[in-house]
Amino acid sequence: MEVAVLNIEGKETGRKVSLDEAVFGVEPSTHTVWLEVKQYLAAQRQGTHKAKERNEVAGSTRKIKKQKGTGTARAGSIKSPVFRGGGRIFGPRPRNYSFKLNKAQKRLAKKSVLSQKLADNEIKVIEDFSFEAPRTKEFINVLKGLGLEGKRSLFVLGEPNKNVYLSSRNLQKTKVVNNSELNIYDMINASQIVFFEGSLATIQDNLRK
């Protein structure tokens, strides 16, 4: 399958790039995509939550009342979870929420999203470009040319480009990443994925394995 290469004004350059059907033409696996998104979100969690249990709460350990004869339940410590200011029963403890996914599953998840995006006409290929200096206004002109102004878009660079990245950093709905930083969460959230022409070869080689 082939896709036309656009310039920064959104017009066709007359060139086309070939997209590998093994990457952009697979049957989407929704469950694998769900697992990959779940892993990504789990890895973002700090896991630093902590509540004190009864052995960690500051307070006296003396018996607060006699064992029998009060007409109420026995109590041995003011730090008991049943009292105000006492410890919490089974409170949260610091933990790591991340979990492992096989590389084959992660590749399948990305291929599933790319295939669905291509089927929905949500993928564009643009010729490689750069700016002489970081200018948000110039990047906005690129978005206008591609018809992406005001839309959530993801630009995938073939190699690090500091000026392009800095030009887009102030735009809330636009994100620029290198091909090595491409993740499924950003891909799903974007209404359009714009690949720089030089990024496709590396991406397809990595996902074709």
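Everything numeric in this text was worked out from a predicted model, so none of it was measured.

Thresholds, definitions, all that
- Residues numbered from 1 in each chain as written.
- Predicted model: local features only at pLDDT ≥ 70, side-chain atom pairs only at ≥ 80, totals over all residues.
- Heavy atoms only, no water.
- Helix = DSSP H or I, 4+ residues; strand = E, 2+ residues; numbered from the N terminus.
- Rg over C-alpha atoms; globule rule 2.2 N^0.38 Å.
- Buried < 20%, exposed > 50% of the residue type's maximum accessible area, 1.4 Å probe, protein only.
- Contact = heavy atoms within 4.5 Å.
- Areas by Shrake-Rupley, 256 points an atom, 1.4 Å probe, with all protein chains shown as cover.
- Lys, Arg positive; Asp, Glu negative; His and termini not counted.
- Charge placed at Lys NZ, Arg CZ, Asp CG, Glu CD.
- 1 Å grid on protein atoms, 1.4 Å probe; cavity = no way out; pocket = protein on both sides within 12 Å on 5 of 7 lines; lining within 4 Å.
- Points joined across faces, edges and corners; volume = space filled by probe spheres on them.
- Nonpolar A, V, L, I, M, F, W, Y, C, P; charged D, E, K, R; others polar.
- Core = buried A, V, L, I, M, F, W, Y, C linked by side-chain atoms within 4.5 Å.
- Phe/Tyr/Trp six-rings, centres within 6.5 Å; stacked < 30°, edge-to-face > 60°.
- Arc of directions from axis to C-beta.
- Salt bridge = Lys/Arg side-chain N within 4 Å of Asp/Glu carboxyl O.

> Report on the overall build of the chain, specifying residues and quantitative values.
If you tally the helices and strands in the chain, you get 7 helices and 6 strands. Seen in sequence order, the chain has helices and strands lined up from the N terminus as β-β-α-α-α-β-α-β-α-β-α-β-α. Taken against the 2.2 N^0.38 rule, which gives 17 Å for 209 residues, the C-alpha radius of gyration of the chain at 27 Å runs more than 25% over that of a compact globule. When each of the 209 residues of the chain is scored for burial, the buried share is 37%. Within the chain, counting contacts between residues at least 6 apart in sequence, those at least 24 apart form 68% of the total. With an accessible surface of roughly 13,000 Å², the chain has 48% of that area assigned to carbon and sulfur atoms. When the 38 basic and 21 acidic side-chain charges of the chain are each reduced to a single mean position, those positions are 23 Å apart.

> Run through the layout of surface pockets, naming residues and quoting values.
There is about 350 Å³ of room inside the largest pocket. Lining the largest pocket are 17 residues; nearest its centre among them are R107, K110, L182, N206 and L207. Put simply, the parts of the chain that give the lining of the largest pocket at least two residues each are α2 (30–44), α3 (103–119) and α7 (200–207). Split into classes, the residues belonging to the lining of the largest pocket amount to 5 nonpolar, 6 polar and 6 charged. There is about 160 Å³ of room inside the second largest pocket. For the second largest pocket, the full set of lining residues is R152, S153, L154, Q172, K173, T174, K175, D186, N189 and A190. Of the residues assigned to the lining of the second largest pocket, the class counts are 2 nonpolar, 4 polar and 4 charged.

> Provide a residue-level description of the nonpolar core, including the pertinent values.
Counting residues in each nonpolar core, the largest one holds 25 residues, and the members touching the most others are F24, L114, V156, L182, I193 and F195. Residues within four places of V156 in sequence aside, it is in contact with V177, N178, N179, L182, I193, V194, F195, F196, S199 and I203. Among the nonpolar cores identified, the runner-up in size contains 16 residues, and I126, L146, L171 and F196 belong to it.

> Give a detailed account of the packing of aromatic side chains, specifying residues and quantitative values.
The final tally for this structure, using the stated rule, is 6 aromatic pairs. Ring geometry for Y40 and Y185: centres 5.1 Å apart, planes at 15°, overall stacked. One end of the pair, Y40, is in helix α2; the other, Y185, is in helix α6 (residues 184–189), with 145 residues separating them in the sequence. When the ring of F139 is compared with that of F155, the centres are 5.1 Å apart and the planes differ by 65°; the resulting orientation is edge-to-face.

> Outline α7, supporting the account with residue identities and numerical values.
Turn by turn, an α-helix covers 3.6 residues, leaving residues three or four places apart pointing in a common direction. Every buried residue of α7 is accounted for by L200, I203, Q204 and L207. Seen from one end, α7 has its buried residues packed into an arc of 95°, which puts them on one side. In this structure, the buried residues of α7 make contact with β2 (12–18), α1 (21–24), α3, β3 (123–126), β4 (153–157) and β6 (192–196).

> Report on the pattern of salt bridges, specifying residues and quantitative values.
Within the structure shown, the criterion is met by 10 salt bridges. Among the salt bridges present, the one from K106 reaches E36, with a minimum N-O distance of 3.3 Å. One end of the pair, K106, is in helix α3; the other, E36, is in helix α2, and 70 residues separate them in sequence. In this structure, the salt-bridge partner of E138 is R135, at a minimum N-O distance of 3.7 Å. Classification of E138 as partly exposed rests on a relative accessible area of 31%. The structure contains a network of salt bridges with shared partners spanning R15, E127 and E197.

As far as function goes, none of this settles anything; it's purely spatial.
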